[in-house]
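# Notes for the structure review
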Amino acid sequence: MSLQMSNKEAVLALASALKDFRKDVEVREALAAKILKFISDEVEQRDIASMLFDPEFVPLGTSAEYALKSRARVYWHEEGTYAPRTQIKQKVFTVPTSLLSFNLSYQLAEIETGRVGTIADNMQLGADEFVGAINARAYNTLLGSIPTTAKNYATSVAGLTKSALDNAINYVEDISGGAKMIIGRRNVLSKILDFNSSGTAELGHYSDKMKDQIMNTGLITNYRGLPVIGLQQYRDGYGNNTIPDDSVLVVGKNVGKYVTSEEMKSLQQVDAETLTWLMHQYTRKGFAVFFAERSFRIRIT
């Protein structure tokens, strides 16, 4: 569903739903449901958290517990000699979830006079905010799991370099059995385009067709067969930048869990004192990294 089509369909749907808005509860519920579906669909299509982590739904009230067992070991030894024992240890982890809310109010007069374009625009803004908040939390959870003292942490001087990125990919391919993606701030990842040349010499990392695509779209979509995900900066509800622009992650397989304990829901009511329609949309989600060593963090200095 394209953005243009989404907004057009949303405006038509809203316009047909506004008759008898003030006095008909069913009309308000229907409108809230349409907005909820629009935002839910947008989040599902644009959510990259499910690419970083393994997604799972754990109903609210159910404990999301995951048991991680230590490695089993085998040993070569001579007949009649002691065979070292292996004790399988188990650690149990839980994944806490938090509420994420989009709480809007509309003047009844604004709705009843047909200013549905404003509502449709806010639907898109709401979807953008949910996507931005979820993606930022997922990225920062994985980023924060790799300390500066870890083997899967390295620095890259004066921007992202080819050798730093190649070393990170090689590490993840070896440790986790396969890398899934390269992710970071879009402005940092643009440096990958420079890998294609050195001075006046073409190094051939990208075909002519790929170079044309990059120049036409402004986006680098892959490197060494891995998707390149460039994140735009996201400012939270308090106006703070949430995605650092000093790091790039190469993400491996099965690094952790992305838990949803409550799907997107909506509550609505009319405030008789202020003559406003209140609509609260919310979900519960959480993230946990179990195997930080399966990814690699490059710090740009």
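A count of helices and strands for the chain gives eight helices and 14 strands. Out of the 301 residues in the chain, the part that is buried amounts to 42%. Contacts spanning at least 24 positions in sequence make up 78% of the contacts within the chain whose residues lie at least 6 apart.

One recurring pattern in soluble globular proteins is that nonpolar side chains are buried together. By size, the foremost hydrophobic cluster in this structure holds 46 residues, and its most contacted members are Ile39, Ile183 and Trp277. Looking at which element gives the most residues to this core, the answer is helix H5 (residues 116–144), with twelve residues. Look past the residues within four positions of Ile39 in its chain and what remains in contact with it is Phe102, Met123, Gly126, Ala127, Phe130, Met264 and Gln281. One finds Leu165, Ile169, Tyr171 and Phe195 within the second-largest nonpolar core, a separate group that totals 21 residues.

Inspection of the entire model under this criterion finds five aromatic pairs. Of the aromatic side chains, those joined through ring pairs into one cluster are Phe53, Tyr258 and Phe287. The lysine or arginine in question, Arg294, covers the ring of Phe291, its NZ or CZ lying 3.9 Å from the ring centre.

Next up on the list: the environment of Ile229. Structurally, Ile229 is set in strand E10 (residues 226–231). Expressed as a C-alpha distance, the spacing of Ile229 and Ile48, which sit 181 residues apart in the sequence, is 8.8 Å.

Right, let's get into the confidence of the model for the chain. Summary statistics for the chain give a mean pLDDT of 83 and a share of 82% for residues scoring 70 or more. For the chain, per-element mean pLDDT is lowest for strand E8 (residues 201–202), which scores 42, and highest for strand E11 (residues 247–252), which scores 97. Low confidence marks residues 1–5, where pLDDT is under 50. Its contacts with residues over four positions away, or in another chain, come to six contacts.

Our next topic: the environment of Leu36. Along the chain, the position of Leu36 falls in helix H2 (residues 25–46). What makes Leu36 buried here is its relative accessible area of 18%. Sequence separation between Leu36 and His280 is 244 residues; the distance between their C-alpha atoms is 9.7 Å.

Right, let's get into the pairing of E11. Of all the six residues making up E11, six are buried; the element is thus mostly covered by neighbouring parts of the structure. Alternating residues of E11 divide into Ser247, Leu249 and Val251 and Val248, Val250 and Gly252, and every residue in both groups is buried. One ladder, built from five bridges, connects strand E6 (residues 179–185) with E11; its direction is antiparallel. Within E11, the position partnered with Met181 by the bridge is Val251. For E11 and strand E14 (residues 296–300), the ladder comprises four bridges, and the chain directions are antiparallel. By the bridge assignment, Val250 is partnered in E14 with Phe296.

Scoring rules and cut-offs
Residue positions are given per chain, counted from 1 along the sequence in the order it is written. In view of the model being predicted, local features appear only for residues whose pLDDT reaches at least 70, and side-chain atom pairs are presented and counted only at 80 or more, with totals across whole chains, interfaces and linings using the full set of residues. Neither water nor hydrogens contribute to the side-chain values; these are computed over all heavy atoms in the structure. Helix and strand definitions here come from DSSP, where helices need a minimum of 4 consecutive H or I residues and strands a minimum of 2 consecutive E residues; each element is numbered from the N-terminal end. Whether a residue is buried, partly exposed or exposed follows from its accessible area with a 1.4 Å probe, protein chains only, as a fraction of its type maximum: under 20%, in between, or over 50%, in that order. Only heavy atoms enter the contact rule, under which two residues are in contact if any of them lie within 4.5 Å. We call a set of buried Ala, Val, Leu, Ile, Met, Phe, Trp, Tyr and Cys residues a nonpolar core when their side-chain atoms join them within 4.5 Å. Here is the rule: rings of Phe, Tyr and Trp (six-membered ring for Trp) pair when centre to centre is within 6.5 Å. Planes less than 30 degrees apart are stacked, more than 60 are edge-to-face, and the remainder are tilted. By definition, being over a ring means that NZ of Lys or CZ of Arg is both within 6 Å of the ring centre and within 35 degrees of the ring normal. pLDDT is a per-residue confidence score from the predictor, ranging from 0 to 100. Note on pairing: DSSP must find at least two bridges between two strands before they are called paired.

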